[in-house]
Amino acid sequence: MEPNTQKLIHSFGALADLGQEIADTGDFIEMVRTSLHLLLGTLAIRRGAVVECPSHLDQTNPLALWGLGEGYEARFSVDDETKAAFLACETGAVAVHTSAAHEPSLVSFLAAHEAEYREQLIELIVPMIVRGDLTGLVLLGGKASGEPFNADDIEVIRSMVRHIGVGIHTHRLLAEVKQQAEENRRLYFDLRAIYRDTVRAFAAAIDIKDKYTQGHSDRVGKYSEIIARELGFAEEAVEGMAIAGYLHDVGKLVVERDIINAPYRIDAKQSSELNRHPGAGFEILSPINHPYADIPLSAKYHHERMDGRGYPDGLTDTQIPLGAKIVTVADSFDAMTTDRPYKKRRTFDEVVHDLRRNTGTQFDPVIVSAFCRALLKELNGETRERKFLKMLGKNYLDARKDAPLLVQLLSELDATTQSAAAGG
Amino acid sequence: MLTRAEGKHLGEAIKSNVRSHCVGTTAVVYASDYLNKLTGERIERECKKQLDSGARALVIDFSDTELVNSIGISILLGIIDIAEKSGALVVFSDVNDETVQLFEMLGLTRHVVLAKDEQEAISGLATPPTQSHIIGH
Ligand SMILES: [Fe+2]
């Protein structure tokens, strides 16, 4: 093969590899190191370095070095004047020992580092210019052949350096975009956390009005969250369900305090006053622009029943939004497991009995199943956090006795949902 | 039998995936395909380690290297550089014809000796055969 042809093939191979290397968005430093090797190897240049000139600094920052003295860092101060001189540099490559005459504006820069270049055997400095900015510099030693750089060599070097410059520039842009996105993400999470805290504080205010059920809204929020997660909701929707739970009784704020706190079963008139709270909650929540869907509807329909005998609208099964169905189960479970003015909380046996009796008429079996599965997981020690234990107190549940009750109920619910699916 | 120091070096070479062994004060390092990627820097580090621990000559063996690209050239120049700095000789063994042409064209052959194979490289270097002991086999 003609030596020239072989040289061309070798250079083109390197250029192709370089293009691929730069397009690769992997490790930045590896990209620059590989690019430097490709550049050096193309013309068998014995040593070199790629340094960047960050726009906010007047000092270069080494990115890759090869064949230079141990501990040598290639850090130069590059003031605005020097930057301007490199940008205006006509030949596109500065021979450090002979260029001073042709590049008068670089005289002081070259003189300042003369000794360094001699010691490190650096012969050429090539500015990396991208979109009119000095992205960095490439320092090069001599060729292994001992021949001086010719015009063709300089052309190859310049085009490869341009490639590397674009790679570094693109990387910087990407890094900026990533940082911006990361900041936005953090801001978004902060906002969500603040929102949740605000809503919880608000829920505590709702519960203060009802002195017998302190913490009720907070627990309903947590039970709703557990159910939603068990149902496989996306994390954002799970959080939405927690909020819906915290706020489900917000309408009680407009109901007479005496009725809420009545230490006896209330009469029909009082009952209809109390039954205003879901509608009132909807009125309060609707004008607010929530980041999560369906929060006002969950408040409005959390006293609806599958059989249509609930309030305020007497909706049936599929007419009731899923969120409201979740809150209903969470709300009822908390009502059963906390002391009320007129009755003590029920034992877990009784709770399971009530769930069984009311599923299909009051509760959706899918929701009750999810609830039971989540509780069973905690009883079996499969969860990291013991959320039920925290809410129900230490002595309420007994895994040995209660887990079989849940297993039994779950298998019955499975049978019901399966036959319903087969029948429908 | 390996000396302790040799055993340690062998271990490190395996850890860095670079195949190498010593014959007296000559270190034989296999270029393999690592040479043509950034991983080739490991070969240079291995050579440096061998020189630091007393190797007076380096044999870079190309028997399982089909072609050498620009990255490989740059890595080899780095090896030549550190060898020159420590006054050690560099021999390239078992280089195929096309690669020899490339080395000649780029001027690498001005800095190294070429040998037909590893054996010729080792016997060409002035190492008395009585002192040689191949390790790692
Ligand atoms: Fe309610």
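Look above for the structure.
What counts, and at which threshold
Residues numbered from 1 in each chain as written. Chains lettered and ligands numbered in written order. Predicted model: local features only at pLDDT ≥ 70, side-chain atom pairs only at ≥ 80, totals over all residues. Heavy atoms only, no water. Helix = DSSP H or I, 4+ residues; strand = E, 2+ residues; numbered from the N terminus. Buried < 20%, exposed > 50% of the residue type's maximum accessible area, 1.4 Å probe, protein only. Contact = heavy atoms within 4.5 Å. Areas by Shrake-Rupley, 256 points an atom, 1.4 Å probe, with all protein chains shown as cover. Donors = N, O, S within 2.8 Å, 3.2 Å for Na, K, Ca; no water. Pairing = 2+ DSSP bridges. Axes fitted to C-alpha atoms, helices over the stretch in contact; angles between N-to-C directions. Buried area = accessible area lost by both parts, 1.4 Å probe. Salt bridge = Lys/Arg side-chain N within 4 Å of Asp/Glu carboxyl O. Polar contact = N/O pair within 3.5 Å; in protein donor to acceptor, adjacent residues only side chain to side chain. Phe/Tyr/Trp six-rings, centres within 6.5 Å; stacked < 30°, edge-to-face > 60°. Lys NZ or Arg CZ within 6 Å of the ring centre and 35° of its normal. Core = buried A, V, L, I, M, F, W, Y, C linked by side-chain atoms within 4.5 Å. Arc of directions from axis to C-beta. Expected span 1.5 Å × (residues − 1). Patch = residues over 30% accessible without salt bridge, like charges linked within 9 Å, V, L, I, M, F, W, Y side chains within 5 Å. Lys, Arg positive; Asp, Glu negative; His and termini not counted. Charge placed at Lys NZ, Arg CZ, Asp CG, Glu CD.

Visitor: Help me get a handle on the overall build of chain A, residues and values and all.
Guide: Helices and strands together make up the secondary structure of chain A, namely 16 helices and five strands. Counting across all 424 residues of chain A, residues that qualify as buried make up 48%. For chain A, long-range pairs separated by at least 24 residues make up 63% of all intrachain contacts whose partners lie at least 6 apart in sequence. Within the structure as shown, chain A displays about 21,200 Å² of accessible surface, and the carbon and sulfur contribution to it stands at 53%.

Visitor: Help me get a handle on the coordination of the iron ion, residues and values and all.
Guide: Protein-derived coordination of the iron ion comes from D249 of chain A (OD), H277 of chain A (NE2), H302 of chain A (NE2) and H303 of chain A (NE2), at a distance range of 2.3 to 2.4 Å. Coordination of the iron ion draws on donor residues from a single chain, spaced D-x27-H-x24-H-H in sequence.

Visitor: Give a detailed account of the sheet that holds strand β3 (residues 57-61) of chain B, specifying residues and quantitative values.
Guide: Residue and element names in this part refer to chain B. Spatial ordering of the open sheet is given by β1-β2-β3-β4-β5, a layout of five strands whose pairing is mixed. Edge positions in the open sheet fall to β1 (20-23) and β5 (113-115), since each of these has one partner strand only. Across this sheet, the average inter-strand angle for adjacent strands is 25 degrees, counted without regard to direction. Two strands pair when backbone bridges link them, and strand β2 (residues 26-30) and β3 are joined in this way by five bridges, in the parallel orientation. By the bridge assignment, Y30 is partnered in β3 with D61. Most of the contacts of helix α2 (residues 41-52) go to β2, to which it runs at about 170 degrees, and overall it touches β1, β2 and β3.

Visitor: Account for the interface of chain A and chain B, with residues named and values stated.
Guide: The interface of chain A with chain B comprises 28 residues on the first partner and 25 residues on the second. Here chain A and chain B share an interface that buries about 2,200 Å² over both sides, 56% of which is from carbon and sulfur atoms. Among the residues of chain A in contact with chain B, Q6, R46 and W66 of chain A are the three that bury the most area, contributing 29% of the side total. The interface formed by chain A and chain B holds five salt bridges in total. One salt bridge in this structure joins E41 of chain B and R33 of chain A, with 2.8 Å as the shortest N-O distance. In this structure, the connection of chain A to chain B is made through 11 residue pairs in polar contact (both at pLDDT 80 or more).

Visitor: Quick one: what's the story with the packing of aromatic side chains, residue by residue and with numbers?
Guide: Taken as a whole, this structure holds 13 aromatic pairs over all chains when the rule is applied. These aromatic residues form a ring-pair network of at least three members: F76, F86, F109 and Y117 of chain A. In this structure, K300 of chain A is placed above the aromatic ring of F282 of chain A, and the distance from its NZ or CZ to the ring centre is 4.5 Å. Sitting over the ring of Y30 of chain B, R19 of chain B keeps its end group 4.1 Å from the ring centre.

Visitor: How would you summarise the nonpolar core if you had to cite specific residues and measurements?
Guide: Grouped together as the largest cluster of nonpolar side chains are 64 residues, with contacts concentrated most on I157 of chain A together with I60, F62, L76, F92 and L108 of chain B. Of the residues forming this core, the biggest block, nine residues, is contributed by helix α3 (residues 70-85) of chain B. Apart from the residues within four sequence positions on either side, F92 of chain B is in contact with I60, F62, L76, I80, F103, L108, V112, V113, L114 and A115 of chain B. V199, V327, A330 and V351 of chain A belong to the second-largest nonpolar core, a separate cluster that totals 51 residues.

Visitor: Report on helix α3 (residues 80-88) of chain A, specifying residues and quantitative values.
Guide: Residue and element names in this part refer to chain A. Here α3 has its buried residues at T82, K83, A85 and F86. When α3 is viewed along its axis, its buried side chains cluster within an angular range of 160 degrees and face the same direction. Exposed residues pointing more than 90 degrees away from the buried face of α3 are listed as D80, E81 and A88.

Visitor: Any details on helix α12 (residues 322-336) of chain A? Residues and values, ideally.
Guide: If you check α12 of chain A, its first and last C-alpha atoms are 21 Å apart, about what 15 residues at 1.5 Å a residue would give, namely 21 Å. Of all the 15 residues making up α12 of chain A, 13 are buried; the element is thus mostly covered by neighbouring parts of the structure.

Visitor: An account of the side chain of S369 of chain A is needed here, citing residue identities and associated values.
Guide: Within the secondary structure, S369 of chain A is located in helix α14 (residues 365-379). Those residues within four positions of S369 of chain A in sequence are excluded, and the remaining contacts are L410 and L413 of chain A.

Visitor: Can you explain the pattern of salt bridges? Please cite residues and give values.
Guide: All names here are of chain A. Applying the stated criterion to the full structure yields 38 salt bridges over all chains. A salt bridge links R200 to D218; the shortest N-O distance between them is 2.9 Å. Note that R200 is positioned in helix α5 (residues 151-209) and D218 in helix α6 (residues 216-230), a separation of 18 residues in sequence. Residue classification places R200 among the partly exposed positions, given a relative accessible area of 33%. A relative accessible area of 18% places D218 in the buried class.

Visitor: So what about a nonpolar patch on the surface? Which residues, and what values?
Guide: A cluster of nonpolar side chains, contributed by F202, L253 and V254 of chain A, occupies part of the molecular surface with about 230 Å² of accessible area. On the secondary structure map, V254 of chain A appears in the loop between α7 (235-247) and α8 (257-260).

Visitor: I'd like to hear about a negative patch on the surface, residue by residue, with values.
Guide: A cluster of acidic side chains, namely D58, D79, D80 and E81 of chain A, defines a negative patch on the protein surface. With respect to the element layout, D79 of chain A can be found in the loop between β2 (61-66) and α3.

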